[in-house]
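Structural features, examined
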Amino acid sequence: STIQSPESPHYGVGVRRTFSLPASTSQAVITNQILRVKANPHPVQVWAVTQIHEPDTAVLDIAKDGPEMPTPFIKMTDETPAKVEGYVRTIGDGGAVEWTQEGTPHAKLGTLGRWVAGVFGNVIFRQSAVLNVHGAYPEASSVQVYRAGSYTELELLSPLMQLAPGESLTHTVTWSLSEISRELDPIDYLLNADPK
């Protein structure tokens, strides 16, 4: 099914979101499209946000083919730096960031990657999207996790683009839900999953 916004009088765009459930999978595919209707000086970016219950851990992909960054992840907001800093670590030979948190921080981390996930015991909720390794990501991240104490947000961003009238920006996000064997390590499972 598809939902369509009215045209924004401030940005000269309309937004369309299409939902599909591929047969015989535990996936949902959400296609987000911004269409420029009228000339406007403001560039646009898709920012897909999903709120979930606090997971046991959150994991953010780091694209090894992406641009070299001064740090493996960007700390974006942080009201409790000492508490957060102690719970974040790179894993998988620098291929991901794991954030296992205690307490109720209000903080956000971001990386340039292709997927982000919440792990709940042996259940994994993973979201993925295409990364444009040459794209402009204003917050130096294409995947983000925001932890707000009572909930967590998994966030995927498109590059920022300037659109002429008639042009559009499409950003497709795939959700997948996996229940793995209790003998398997969920972090190993995530690091070895298909990166697309």
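Scroll up a little and you will see the structure.
Residues numbered from 1 in each chain as written. Predicted model: local features only at pLDDT ≥ 70, side-chain atom pairs only at ≥ 80, totals over all residues. Heavy atoms only, no water.

Moving on, we come to the overall build of the chain. A count of helices and strands for the chain gives two helices and 14 strands. The C-alpha radius of gyration computed for the chain amounts to 17 Å, which stays within 12% of the reference 16 Å derived for 196 residues, consistent with globular compactness. Seen through its C-alpha atoms, the chain measures out along the principal axes to roughly 50 × 40 × 35 Å. Considering the chain as a whole, with its 196 residues, one finds that 44% of them fall into the buried category. Sequence-distant contacts in the chain: of pairs separated by 6 or more residues, those separated by 24 or more amount to 69%. Counting only carbon and sulfur atoms, one obtains 55% of the accessible surface of the chain, whose full area is about 10300 Å². Mean positive and mean negative side-chain charge positions of the chain (14 and 21 charges, respectively) differ by 6 Å. (Helix = DSSP H or I, 4+ residues; strand = E, 2+ residues; numbered from the N terminus. Rg over C-alpha atoms; globule rule 2.2 N^0.38 Å. Buried < 20%, exposed > 50% of the residue type's maximum accessible area, 1.4 Å probe, protein only. Contact = heavy atoms within 4.5 Å. Areas by Shrake-Rupley, 256 points an atom, 1.4 Å probe, with all protein chains shown as cover. Lys, Arg positive; Asp, Glu negative; His and termini not counted. Charge placed at Lys NZ, Arg CZ, Asp CG, Glu CD.)

Even without glycine at this site, Ser24 takes up a positive phi of about 60°. Here Ser24 is to be found in the loop between strand 2 (13-20) and strand 3 (27-36). With a relative accessible area of 83%, Ser24 lands in the exposed category.

Quick look at the pairing of strand 5 (residues 57-61) now. Most of strand 5 sits inside the fold, with five of its five residues counted as buried. Burial along strand 5 is two-sided: Thr57, Val59 and Asp61 facing one way and Ala58 and Leu60 facing the other are all buried. The sheet contact formed by strand 5 and strand 10 (residues 115-120) spans four bridges and is antiparallel. Each bridged residue has a counterpart across the sheet, and for Leu60 the counterpart in strand 10 is Val116. Pairing analysis gives four bridges linking strand 5 to strand 8 (residues 96-99), with the strands arranged antiparallel. By the bridge assignment for strand 8, Ala58 is matched with Trp99. (Pairing = 2+ DSSP bridges.)

Where a protein is soluble and globular, its nonpolar side chains tend to be buried together. Grouped together as the largest cluster of nonpolar side chains are 19 residues, with contacts concentrated most on Val116 and Val145. Listing elements by their share of this core, those giving two or more residues are strand 4 (47-53), strand 5, strand 8, strand 9 (107-111), strand 12 (143-147) and strand 13 (151-157). If we skip the residues at most four places from it in the chain, Val145 touches Ala58, Leu60, Trp99, Ala107, Lys108, Leu109, Val116, Thr152, Glu153 and Leu154. Core analysis: the next-biggest nonpolar cluster, separate from the first, contains ten residues, Val59, Ile124, Ile180 and Leu190 among them. (Core = buried A, V, L, I, M, F, W, Y, C linked by side-chain atoms within 4.5 Å.)

Evaluation of the coordinates by the stated rule reveals two aromatic pairs. Consider the rings of Tyr146 and Tyr151, whose centres lie 6.4 Å apart with planes at 65°: the pair is edge-to-face. Its relative accessible area of 26% is what places Tyr151 among the partly exposed residues. Between the NZ or CZ atom of Arg147 and the centre of the ring of Trp99, over which it lies, the distance is 5.3 Å. (Phe/Tyr/Trp six-rings, centres within 6.5 Å; stacked < 30°, edge-to-face > 60°. Lys NZ or Arg CZ within 6 Å of the ring centre and 35° of its normal.)

A separate point is the environment of Gly94. Along the chain, the position of Gly94 falls in the loop between strand 7 (88-91) and strand 8. In this structure the C-alpha to C-alpha distance between Gly94 and Pro9, which are 85 residues apart in sequence, comes to 44 Å.

Mapped onto the elements of the fold, Ser20 is located in strand 2. For the pair Ser20 and Ser1, spaced 19 residues apart in the sequence, the C-alpha separation amounts to 6.8 Å. Look past the residues within four positions of Ser20 in its chain and what remains in contact with it is Ala28 and Val29.

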